[in-house]
Amino acid sequence: MNLDERFENVSVIGAAGKMGSGIAVLIAQEMAKLKKKNKDKIYRLNLIDISEQALDGLSGYMKAQIIRVAEKSIVFLREMYEERKDLVENIEIINAFVDDTFSVIRCGTELGMAKNSKLIFEAIAENEDIKIKVLKSLDEVCGKETFFLTNTSSIPIGFLDQEAGLDGRIIGYHFYNPPIVQKLVEVITPTTIQKELSDIALELGKRLRKKLVPANDVAGFIGNGHFTRDGLYALNEIERLKDNYSLAGAIYIMNRISQDFLVRPMGIFQLIDYVGIDVFDSILKVMRKHLGDETLRHSLVNSMIEQKVLGGQRPDGSQKDGFLKYEKNRPVGIYDAEKKEYVPINKDLDTKIGALPDNFKPWKALLTEPTKEEKLSDYFASLKGTKTLGAELALSYLAETKKIGEDLVKEGVANSYEDVNSVLTNGFYWVYGPINEYV
Amino acid sequence: MSFLRKPIYATAGYNTVSLGQGRKEFKPKEPRPGIEHYIKEAGRGALAQVKNPEAIDEGVMTNFMMARYNRQGNRPGFFPMIHPSFRYKPATGTEGACDSGGLGLAVACKTILADVADAVLVVGFEVQTTVKAVYGADYLAGAGWYKDRKKGHAHFFPGQFSDRAGACFEKFGKEKVREGMAHWYVQAIENARRNPKAQEYHNSISDLFATGMTPPNPKVFCEHINVYDCSKVSDAGCALIFASEEGLKKLGVEKKDAVEVVSWGQCEDDITNPQPDLTKLVASQKAASLAYERAGLSPKDIGVLEVHDCFSIAGLLMMEATGFAGYGEGADFVSAGKTKIDGEIPTNTTGGLIGYGHPVGASGVRQAVDLVHQLTGKASDCQIAMDSASPYGLMVSMGGSDITIVSMIFKKIE
C-alpha cells in the first residue's frame, strides 16, 4: 500500500494538543490536495482526543493555521484551483482550500473512529504506560496493515513496539514545536521496523517538506538527549552560584548567559518553562529508566514540581509562569523555590555579569545574517579575551554543550556531529551547532 | 499659441509620511489612522502655506480603491472636513487606478481653465495597510481588466510587470536589464534616505545593489522580479493647490512660492485590449510626447523628472517613454548613473514609488508636489541645483499597465 492509499484514511491521536493539532494541520492540507486530484475518492482525517473541551477549540485553531499556510502558498493554490472558474480572487481560493481541508476532518473522543485508518499519528502525553495502552487499543481496532508514527520525544520506540505488540509497524516521528513552522523531524527507526514503513516515513517527510534527521533508538534521542543535559548543566551551575548571588539571582544569571552570551533564541530556563517543567522531568524519568543513569535528575526540578510551579503553555500559546514569571510572554520575575515566591529581576546582576563584547549581535539579527559564521567566530574570540563573570560562565557552558553533543555520537545516539548540529539548529533554532570551533 | 489660454500655477504642496512596512513607527498589529487622518493632514498641510484658505473654490479628491480597502465610497464627501469654509463648496472625486492622482491634477487645471474656479485643492489619499498584501493584490488587480484576473498571477500587478521584465530580458539581454533594475532600486533607496517622509527612509541595507539583484523566487512570488523591484503598500495623503493668476492673489501666495503649469498630455488606452508590446509603455510615451509638443519643449529642457516606477522595470521603460533613453536603452541609461540625483537628469529625487512609497490614489499628486518643491527650492535634503537652461519639471503618472496616463510639465518662475 503506497502513501497515497494510506492517506485516504488517517487518524491523529492527541489531536487537540499542541503537537497533535499542528500535525493535524499538516496532514489535512496534504489530504485536501489529494482529494482535489482524485475527486471520486473519499478522504477522512480523524482527529481524536481525550478532551471534548480541547477538541471544541481545535477547529478555530486549525482554521487560523490553515489560512496562514494558504496565504503563503497562494501561488501554488491558484494553480491548484485553476479549473474552478468561479474562484477568481485570492480570498475565494483561500476560502475554498480551507473548506476542502475541513471537509476531510472528523473530530471525536473515541479511538474506534480510527478503525479504517492505515496511517496513525500518535501525539499523546510522553507517558510510557498511556502510550502503550493507547497503541494496543488502536492495534486491536485497526488491524495489522496500519502503520503508527509516534511523536515520541524520549521513550525508545523498540520498547513501545514490543510492549504494544505492533510487529515493527511503528516509527518514531518526532516533530518540533510548532510542527507547522519547525522544519525538523527526528526520525527514530527501531531495528524491528518493517521496511515499507521506513520508506513511507521518508516519502512523507519529503511531501511535508520537512528536514528528516535520523536518531538511533536510545532514550531521549538527539533533541532531548542534548536538551536535558544542557538544562541539568545550568541547574548544577546554579548550585555553585546561589551562595553568592541567591537562588533567583543564579537562575537569572544562567538564563541570561545562555540567551545573550551564547546567542540562543531563549535562555535555558525560559526554554524549560516553554517545554514545561513537568515535561522536562518526565523526559528525565524516561531517560533514567532506559539508560540507567541516575545523574539525570535535579532536586530543584523536584521542588518546582512539588510546589506546582510547572511552566508550559496555555491553549492560546501564552507562556505560563515557571522558573520565570511572564508578562506578555516576557520574563519579569524569577521563582525562588526556597522562599516559595517570585522575586523581581535584580538588574544589578547585569553589572556583576559584565558587558557583552562590542561585536555581539543578538540571535535575531544573526538568523538572517549571511556571514553569521564569521560574525560568531569574531564574537566568541572577543568573549575569550573578556575577563568577566559572564564571559567565564559562557565559555564553560559552550564547552559543556559541545561535550554533550560529542557524547551523543560517542554513545551511538546520533550517527554524526552533523546530525547533532542539525537537530539543534533546525529544531531549537540555534544559529550555530553545539559541536563547533568556537570553543 | 500657448497650450493654455491663461496661466495656471501650482503651489503649497504637502506630503504626509508614507506609512507601511519599512517605517520604524509601522506596527502591523496595532490600530492605525484611517483615510480621514491623511486627508486632513495633507489638506491642512497645503492650506497652512497660504494666507487665505477660504479662497479655495473647489476640491478634487483622488483615490483608487477605498471602496475595498476602507469600505468607503463617495470621495468628494471628505472635502469639507479639511476646512470649515469648504462646507457646501463643490468637490469632485477621481479614480483612474494608480493615475487617480494624475487625473486629479488634470481636472483641477481644466476647472480653472473653464473659469468656474480660481483656486482648486487636490487631495490624493490611499490607506492600504488594512489588509494583508495577498488580499490587497486582488483590490489592486482592479487596475487591470477584471476578465484577466482569473488567469493572472496571485500577485496580479507584480505578475504583469514580471511579464514586462521577462519580455525585456528576452529582447534586450537579461543581464543588462536585470542590472538596470537593481540600479533603479539602489537609486530609489538612496534618494529615499534623504526624504524623512519616505517609507524607505530608515532603510539601512549596506549592499543595495546585491539586494536589488536577489534572484526571483517564482514559487512564492514572480518569475522575473523580486520584492525589491516593487513599490510599497502604503498609507499616505498628498495635497497641492492649483490656481489662476487671480487665484494666487486671493490665496495670498507670492509667485516665488508657485510654479507654472506649462502643459499636460492625457491619454487612455483600451483596458480590454492586450498590451501591444510588453517592452514599451506606448500610452505613457504618447502622453509625454503630447505634453512636450504642447509646451514646445523636448527632453533637453527638462531639469528634473518624476516617473511612475510602480516596479523597477517600469522605471526603466519610463526613461524611454519620456524620451531620455532610446528604445531598449533604459537599462543602460540608468546603470550609467544618469538618473541619479547628481546625474544628467535627476529622476524621482525623493525616492519615487519604490523609495517614498505608493499610496496608489495619491501617487500622481505626490509626484507633482515633489516637482513643485524642487522648482521652488523647497526640497530640503533632496534639493537639486536647477540649471537655468532647463527650468522645467516633467512628470508621468500611470494607471494600470500603461492604461490611464497623465503627463504634466511645470516651470520654475524666474
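1. Regarding the overall build of chain B
Check the secondary structure of chain B and you find 13 helices and 9 strands. Over its C-alpha atoms chain B spans a radius of gyration of 20 Å, differing by no more than 12% from the 22 Å that the globule rule assigns to 414 residues. When its C-alpha atoms are laid out on the principal axes, chain B stretches across 55 × 50 × 40 Å. Within chain B, the fraction of its 414 residues that count as buried is 61%. Considering only intrachain contacts with a sequence separation of at least 6, the fraction spanning at least 24 residues in chain B is 77%. Total accessible area on chain B is roughly 15400 Å²; 52% of this is exposed by carbon and sulfur atoms. Both charge centroids of chain B, one from 45 positive and one from 47 negative side chains, sit 5 Å from each other.

2. Looking at the overall build of chain A
Across its full length, chain A carries 18 helices and 11 strands. For a compact globule of 439 residues, the expected C-alpha radius of gyration is about 22 Å, and chain A comes in at 23 Å, within 12% of that figure. Principal-axis analysis of the C-alpha atoms places the extent of chain A at approximately 70 × 50 × 40 Å. For chain A, restricting intrachain contacts to residue pairs at least 6 apart in sequence, the fraction spanning at least 24 positions comes to 71%. Surface accessibility of chain A: about 19000 Å² in total, with carbon and sulfur atoms responsible for 50%. Counting 58 positive and 65 negative side-chain charges, chain A places the averaged centre of each group 3 Å from the other.

3. Looking at the interface of chain B and chain A
Facing 16 residues of chain B, the contacting portion of chain A comprises 16 residues. Summing both sides of the interface, chain B and chain A together bury roughly 1200 Å²; the carbon and sulfur share of this comes to 51%. Between Arg68(B) and Glu89(A) there is a salt bridge, with its nearest N and O atoms 2.8 Å apart. Broken down by element, the side of chain B that touches chain A gets its largest block of residues, 4 residues, from helix α4 (residues 133–140) of chain B. Its residues assigned to classes, the side of chain B that touches chain A comprises 7 nonpolar, 3 polar and 6 charged.

4. Here's the deal with a nonpolar patch on the surface
Residue and element names in this part refer to chain A. On the surface, a nonpolar cluster with roughly 220 Å² of combined accessible area is contributed by Val-181, Leu-367 and Tyr-429. Note on placement: Val-181 falls in the loop between β6 (170–175) and β7 (184–188). According to the relative accessible area criterion, Val-181 is partly exposed, its value standing at 38%.

5. Here we look at helix α10 (residues 312–321) of chain B
All names here are of chain B. When you tally the buried positions in α10, you get 10 out of 10 residues, the bulk of the element. The set of residues buried in α10 consists of Ser-312, Ile-313, Ala-314, Gly-315, Leu-316, Leu-317, Met-318, Met-319, Glu-320 and Ala-321. Gly-323, located one to two residues past α10, shows a positive phi value of around 85°.

6. Some thoughts on the domain arrangement of chain B
All names here are of chain B. Domain boundaries assigned for chain B yield domain 1 (8–132 + 233–258) and domain 2 (153–232 + 260–412). Look at where the C-alpha atoms of domain 1 and domain 2 centre, and you get two points 22 Å apart. Listed per partner, the contact involves 49 residues of domain 1 and 40 residues of domain 2. Of the roughly 3300 Å² buried between domain 1 and domain 2 on both sides combined, carbon and sulfur atoms contribute 61%.

7. Regarding the sheet that holds strand β2 (residues 58–62) of chain B
Residue and element names in this part refer to chain B. The mixed open sheet is built from 9 strands, whose spatial order is β3-β2-β4-β5-β1-β6-β9-β8-β7. Only two strands of the sheet have a single partner each, and these edge strands are β3 (91–94) and β7 (302–307). Adjacent strand axes in the sheet meet at a mean angle of 25°, parallel and antiparallel pairs treated alike. Looking at chain direction, strand β1 (residues 8–15) and strand β5 (residues 235–244) are connected through 6 bridges and run antiparallel. Within the sheet, the bridge partner assigned to Tyr-14 lies in β5 and is Ala-239. Packing of helix α13 (residues 363–375) onto the sheet brings it into contact with β1, β2, β4 (119–127), β5, β6 (258–268), β7, β8 (392–399) and β9 (404–412), and relative to β8 it is tilted by some 170°.

8. A look at the nonpolar core
Residues Ile222(A), Ile251(A), Val263(A), Phe269(A), Phe323(A), Phe380(A) and Tyr432(A) are the most contacted members of the largest nonpolar core, which totals 93 residues. With 9 residues, helix α10 (residues 247–261) of chain A is the largest single contributor of residues to this core. Counting the residues that make up this core, at least three belong to each of domain 1 (3–215) and domain 2 (223–427) of chain A. Ignoring sequence-local partners within four residues, the contact set of Ile251(A) consists of Ile238(A), Phe269(A), Leu300(A), Phe323(A), Leu324(A), Ile334(A) and Tyr335(A). Formed by 63 residues, the second largest nonpolar core is a distinct cluster that contains Tyr69(B), Phe157(B), Val186(B) and Met398(B).

9. Quick look at empty space enclosed by the protein
All chains considered together, the criterion is met by 3 cavities of 30 Å³ or more. Taken together, Cys168(B), Phe172(B), Lys176(B), Val177(B), Ile313(B), Leu316(B), Leu317(B), Glu320(B), Gly328(B), Gly330(B) and Ala331(B) make up the lining of the largest cavity. With 4 residues, α10(B) is the single largest residue contributor to the lining of the largest cavity. When grouped by side-chain class, the residues that make up the lining of the largest cavity number 7 nonpolar, 2 polar and 2 charged. As a volume, the second largest cavity reaches approximately 40 Å³. Val263(A), Asn359(A), Phe360(A), Lys361(A), Leu366(A), Lys375(A), Leu376(A) and Tyr379(A) are the residues that line the second largest cavity. Of the residues belonging to the lining of the second largest cavity, the class tally is 5 nonpolar, 1 polar and 2 charged.

10. Structural notes on the sheet that holds strand β5 (residues 147–150) of chain A
Residues and elements named next belong to chain A. Here 8 strands make up an open sheet; going across it, the order is β3-β2-β1-β4-β5-β6-β7-β8 and the pairing mixed. The two strands at the open ends of the sheet, each matched to only one other strand, are β3 (105–108) and β8 (211–215). In this sheet, adjacent strand axes meet at a mean angle of 25° when their direction is disregarded. Both strand β2 (residues 44–48) and β3 contribute to a ladder of 4 bridges, which runs parallel. Of the residues in β3, the one forming a bridge with Ile-48 is Gly-108. Contacts from helix α2 (residues 18–37) reach β1 (9–13), β2, β3, β4 (119–122) and β6 within the one sheet, and its direction differs from that of β2 by about 175°.

11. Considering the pairing of β1(A)
All names here are of chain A. Judged by how many residues are buried, β1 sits mostly within the fold: 5 of 5 residues are covered. A two-sided burial pattern is seen for β1, the buried positions comprising Asn-9, Ser-11 and Ile-13 on one face and Val-10 and Val-12 on the other. Direction of pairing for β1 relative to β2: parallel, over a ladder of 5 bridges. Residue pairing for β2: Ser-11 is matched across the bridge by Asn-46.

12. A look at unusual backbone geometry
Residues and elements named next belong to chain A. In this model, Asn-177 is joined to Pro-178 through a cis peptide bond whose omega is -5°. In this structure, Asn-329 is a non-glycine residue whose phi angle is positive, near 65°. Position of Asn-329 among the secondary structure elements: in the loop between β9 (324–327) and β10 (330–336). The class for Asn-329 is partly exposed, based on a relative accessible area of 40%.

About the criteria used
Residues numbered from 1 in each chain as written. Chains lettered and ligands numbered in written order. Predicted model: local features only at pLDDT ≥ 70, side-chain atom pairs only at ≥ 80, totals over all residues. Heavy atoms only, no water. Helix = DSSP H or I, 4+ residues; strand = E, 2+ residues; numbered from the N terminus. Rg over C-alpha atoms; globule rule 2.2 N^0.38 Å. Buried < 20%, exposed > 50% of the residue type's maximum accessible area, 1.4 Å probe, protein only. Contact = heavy atoms within 4.5 Å. Areas by Shrake-Rupley, 256 points an atom, 1.4 Å probe, with all protein chains shown as cover. Lys, Arg positive; Asp, Glu negative; His and termini not counted. Charge placed at Lys NZ, Arg CZ, Asp CG, Glu CD. Buried area = accessible area lost by both parts, 1.4 Å probe. Salt bridge = Lys/Arg side-chain N within 4 Å of Asp/Glu carboxyl O. Nonpolar A, V, L, I, M, F, W, Y, C, P; charged D, E, K, R; others polar. Patch = residues over 30% accessible without salt bridge, like charges linked within 9 Å, V, L, I, M, F, W, Y side chains within 5 Å. Domains from an automatic or database assignment. Pairing = 2+ DSSP bridges. Axes fitted to C-alpha atoms, helices over the stretch in contact; angles between N-to-C directions. Core = buried A, V, L, I, M, F, W, Y, C linked by side-chain atoms within 4.5 Å. 1 Å grid on protein atoms, 1.4 Å probe; cavity = no way out; pocket = protein on both sides within 12 Å on 5 of 7 lines; lining within 4 Å. Points joined across faces, edges and corners; volume = space filled by probe spheres on them.

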